[in-house]
Amino acid sequence: MEYDQDNNRGKNVVREELELQLGEQLHALISASHALSVRTAGRFDPSIQPAAFHIIRWLYSYGPTSAAALAESTAMDRSSVSRLVKQLEHLGYVNRENSPDDGRGVLLSLTELGQQMTIHALKEKENAFYERISNWNNDQLEAFITMLRKFNGFDQPHA
């Protein structure tokens, strides 16, 4: 009985150490991604704040939406979103349009300029991450994608 308890304690210590190492690596990834996002925002337009680029990036990925939905989706307060959207409109990156579903509602979307500049700015970010995997063989890359999908809660293979 004592052997089993000691063995279980040893397994728990190993597991805790592995979980700490995972936390360190996730923190490194999040930190690197954040730093890269800040640089990408500067590449997009050095006159805007990184939070404004976060809005641009969200609109690029998910398309037109209301200011309220944008605030909720980006975890920003409505007043900040409103202020940043006004700046982005003034610079010609974002449009306001009446919602086709509700004449009183307003949808925010990227202008053609906003889309083109986003594509240009994201190339740097993509290149930085692609460079990290450039020496991986396809099996390593597939295994990484599979594990990352599981970690992110997407257990189904990409079709």
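Preceding this paragraph is the structure being described.
Residues numbered from 1 in each chain as written. Predicted model: local features only at pLDDT ≥ 70, side-chain atom pairs only at ≥ 80, totals over all residues. Heavy atoms only, no water.

Once that is clear, we can look at the overall build of the protein chain. Along the protein chain, the regular secondary structure elements total six helices and two strands. Counted from the first residue to the last, the protein chain has its helices and strands arranged as α-α-α-α-β-β-α-α. For 159 residues, the compact-globule formula gives about 15 Å, and the C-alpha radius of gyration of the protein chain, at 21 Å, lies well above that figure. By its C-alpha atoms, the protein chain is 70 × 35 × 35 Å across when sized along the principal axes. If you take every contact in the protein chain between residues at least 6 apart in sequence, the share linking residues at least 24 apart comes to 51%. Split by element, the accessible area of the protein chain, about 11600 Å² in all, is 53% carbon and sulfur. Averaging the coordinates of the 16 positive side-chain charges in the protein chain and doing the same for the 21 negative ones gives two points 6 Å apart. (Helix = DSSP H or I, 4+ residues; strand = E, 2+ residues; numbered from the N terminus. Rg over C-alpha atoms; globule rule 2.2 N^0.38 Å. Contact = heavy atoms within 4.5 Å. Areas by Shrake-Rupley, 256 points an atom, 1.4 Å probe, with all protein chains shown as cover. Lys, Arg positive; Asp, Glu negative; His and termini not counted. Charge placed at Lys NZ, Arg CZ, Asp CG, Glu CD.)

Take the packing of helix α2 (residues 50–62) against helix α4 (residues 78–90) next. Where α2 meets α4, the closest approach of the two axes is 10 Å, and the angle between their N-to-C directions is 80°. Between α2 and α4, the angle falls in the class roughly perpendicular. Seen from α2, the contacting residues are A51, A52, I55 and I56; seen from α4, they are V81, L84, V85, Q87 and L88. Counted by class, the contact of α2 with α4 contains eight nonpolar, one polar and no charged residues. (Axes fitted to C-alpha atoms, helices over the stretch in contact; angles between N-to-C directions. Parallel < 35°, antiparallel > 145°, perpendicular 65-115°, else oblique. Nonpolar A, V, L, I, M, F, W, Y, C, P; charged D, E, K, R; others polar.)

Here we come to the nonpolar core. F53, I55, I56, L88 and V94 are the most contacted members of the largest nonpolar core, which totals 22 residues. Listing elements by their share of this core, those giving two or more residues are α1 (2–44), α2, α3 (67–74), α4, β2 (106–110) and α5 (112–133). Residue contributions to this core peak at six residues, all from α2. (Core = buried A, V, L, I, M, F, W, Y, C linked by side-chain atoms within 4.5 Å. Buried < 20%, exposed > 50% of the residue type's maximum accessible area, 1.4 Å probe, protein only.)

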